[in-house]
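# Coordinate analysis (summary)
Next come the chains, spelled out residue by residue.
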Amino acid sequence: MALITPFQAFPAPAKLNLTLAITGRRADGYHLLESVFRFIDLMDTVELAVRDDGDIVLDNPIPGVPADSDLTVRAARALQAASGATLGASIRLHKRIPMGGGLGGGSSDAATVLLALNQLWNTQLPRQTLQDIGVKLGADVPVFVFGRPAFATGIGDELTECAVPDAWYVVLHPGVSVPTAKIFSHQGLTRNSTPSIMRALQTTQRKNDMQSVVCQMFPEVAQCLAKASEYGEPLMTGSGACVFLEFDKEAQAGAVFQSLSSSYTAFIAKGLQHHPLYDGR
Ligand SMILES: C[C@](O)(CO)[C@H](O)COP(=O)(O)OP(=O)(O)OC[C@H]1O[C@@H](n2ccc(N)nc2=O)[C@H](O)[C@@H]1O
Ligand SMILES: Nc1ncnc2c1ncn2[C@@H]1O[C@H](COP(=O)(O)OP(=O)(O)OP(=O)(O)O)[C@@H](O)[C@H]1O
C-alpha cells in the first residue's frame, strides 16, 4: 500500500517580470537584480497524492527532463530533508507554461510542491523557511512561495510586496527556448544598472536588461518584439524567450491576441493580485 490519499490538484502560475535590471554580480557568479514579479493565470497543474513509503514518484516525467532532475521531485526531496518528513508523494504534472520561456514554469511547479506538501505532510514550516529551501532549487522559486506581487532584489530572493496594476496580457512565444544560464554568462550583458532608490518607479520604468543580449542571440525574439511593438510597448520576460504586452482591458488584449495569434503561439492572461495558493499568512 503506498498511496494514502487521493490525488489533489494544485495550481502553479506563470510569472512576468514587469521590469528587470541587473545591478551587479556576486562572487559566486550569480547576478544581483532589481525586478518586479507578478503572476498571471497561465498555469501548470501539479497533482499530488501522499505515499506512506517515503518515495517521491513522478508518474509522467517531461520528455527530455529525467524525473530525478525535475524541479517538482527535487522540491519534494528538499522538503523531506529540511523537515525530516517520512511520508512521500506521487506527482502528476500537467504543463501548460512553455519551458525556457522566461515564465518561471519549472520554478513555479517547485514552489507549488513545497507549499502543498507542507500542508499534506503537516510539516507546517514557515513561509520564509520554504523560500530559503526554494532558492536552492532556483532563483525564481522564492517569489512563488512568497505569493504576492514583489519587488525583488538580491538574486531574486529578497522580496518586498509591491502594488501592481489590474491588467491583461498578451504573451507571445517566438518559438525558441532560451537557456537562462547562457544569457547570464554572455559577456555583452548589462551588469551595472543603477539600483533604484525610488522603488515605486520600478512598476512604471519598464525595461529588461537581458533583452538586448537575447535579441542578438535569437533574432526570432527581436522579430517578435518588432511585430508586437505595432500594438504597444512589448517587453521580454525574465531571460526570455517570451514577450508580453500589457493592457488595461480584456477587450483590448483580446483584439491584439486575435491579430497576433496567427503569427505566434500566443496566450491571453489575466494579471493576478496574488498566487492562487497564497493564504494571507
Ligand atoms: C531571469 C530570471 O528568470 C528573472 O526572474 C531569474 O533570475 C532566473 O531564475 P532561474 O531560472 O530560477 O535561474 P536558476 O535556475 O536559479 O539559475 C540558472 C543560471 O542562471 C544564472 N543566474 C540565475 C539567477 C541570477 N540571479 N543570476 C544568475 O547568474 C546562474 O548561472 C544559474 O546557474
Ligand atoms: N517541472 C518542470 N517544468 C519545466 N521545466 C522544468 C521542470 N523541471 C525541470 N525543468 C527544467 O528547467 C528548465 C527551466 O524551466 P523553467 O520553465 O523554470 O524556465 P523558464 O521558463 O526559462 O523560466 P525563467 O527563465 O523565468 O526561470 C527547463 O528547460 C527544464 O529543463
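Residue numbers restart at each chain and count upward from 1, following the sequence in its written direction. Just so you know, chain letters begin at A and ligand numbers begin at 1, following the order they were written in. With pLDDT at 70 or above as the cut-off, local features in this predicted model cover only qualifying residues; side-chain atom pairs require 80 or more to be listed or tallied, and sums for whole chains, interfaces and linings still use all residues. Heavy atoms throughout the structure, all of them, feed into the side-chain values; hydrogens and water do not.

By the naming in an unreviewed UniProt entry, the protein chain is 4-diphosphocytidyl-2-C-methyl-D-erythritol kinase, taken from Rivihabitans pingtungensis. UniProt positions are given in the numbering used here, feature names are shortened, and annotations may be inferred rather than shown by experiment. Recorded under Pathway (unreviewed entry), the UniProt text for the protein chain is reproduced unchanged: "Isoprenoid biosynthesis; isopentenyl diphosphate biosynthesis via DXP pathway; isopentenyl diphosphate from 1-deoxy-D-xylulose 5-phosphate: step 3/6." Heading Sequence similarities (unreviewed entry) of the UniProt record for the protein chain holds this comment: "Belongs to the GHMP kinase family. IspE subfamily."

### Looking at the UniProt feature "active site" (unreviewed entry) in the protein chain
UniProt records the feature "active site" (unreviewed entry) for K15 and D140 in the present numbering. For the residues just named, distributed over 126 residues, the greatest C-alpha separation is only 9.2 Å, placing them together at one site. If you trace the backbone, K15 turns up in strand β1 (residues 8–25). Relative accessibility decides the category of a residue: with a 1.4 Å probe and only protein chains considered, values under 20% of the type maximum give buried, values over 50% give exposed, and everything between is partly exposed. Judged by relative accessible area, which is 1%, K15 ranks as buried. In what follows, a contact means two residues having at least one pair of non-hydrogen atoms within 4.5 Å. With residues up to four places along the chain from it excluded, the contact list for K15 reads F37, R38, F39, G102, L103, G104, D140, F144, T237 and G238. Mapped onto the elements of the fold, D140 is located in the loop between α3 (127–135) and α4 (141–146). The exposure class assigned to D140 is partly exposed, which follows from its relative accessible area of 21%. Those residues within four positions of D140 in sequence are excluded, and the remaining contacts are K15, F37, G104 and S107. Labels follow the DSSP assignment, with helices taken as runs of H or I lasting at least four residues and strands as runs of E lasting at least two, numbered in each case from the N terminus.

### Quick word on the side chain of T112
By the element assignment, T112 lies in helix α2 (residues 105–120). You can call T112 buried: its relative accessible area is 0%. Within the local environment of T112, its side chain forms a polar contact with the backbone oxygen of P11, the two atoms lying 2.8 Å apart. Here a polar contact means two N or O atoms within 3.5 Å. Within protein one must be a hydrogen donor candidate and the other an acceptor candidate, and residues neighboring in sequence count only if both atoms are side-chain atoms.

### What to know about the side chain of H31
Counting through the fold element by element, H31 comes out in strand β2 (residues 31–51). Engagement of the side chain of H31 in a polar contact is seen with the backbone oxygen of G29, the distance being 3.4 Å. One polar contact links the side chain of H31 to the main-chain carbonyl oxygen of F184, over a distance of 3.4 Å. Apart from the residues lying within four places of it in its own chain, the contact partners of H31 are I22, G24, R25, G154, I155, F184, L189 and R191.

### Examining the pattern of salt bridges
Salt bridges are defined as contacts in which a side-chain nitrogen from Lys or Arg sits within 4 Å of a carboxyl oxygen from Asp or Glu. On inspection of all chains with the given rule, the structure shows 13 salt bridges. Among the ionic pairs, R127 bridges to D279, the shortest N-O distance being 2.9 Å. With R127 in helix α3 and D279 in the segment after β10 (265–270), this pair connects stretches of sequence that are 152 residues apart. Residue R127 is classed as buried on the basis of its relative accessible area, which comes to 18%. Each of D44, K95 and D109 takes part in one network of salt bridges that share partners.

### Examining the site of ligand 1
Any residue with a non-hydrogen atom lying within 4 Å of a molecule or strand is treated as near it. Around ligand 1 sit 18 residues in total, of which N17, H31, A139, D140 and I155 are the nearest. Contact between ligand 1 and K15: an oxygen atom at 3.3 Å from a side-chain N or O atom of the residue. Y30 is positioned with one of its side-chain polar atoms (N or O) 3.4 Å from an oxygen atom of ligand 1. Taken together, the elements giving at least two residues each to the shell around ligand 1 come down to β1, β2 and α5 (180–184). Charged means Asp, Glu, Lys or Arg here, nonpolar means Ala, Val, Leu, Ile, Met, Phe, Trp, Tyr, Cys or Pro, and polar covers whatever is left, Gly included. Here the shell around ligand 1 is composed, by residue class, of nine nonpolar, seven polar and two charged.

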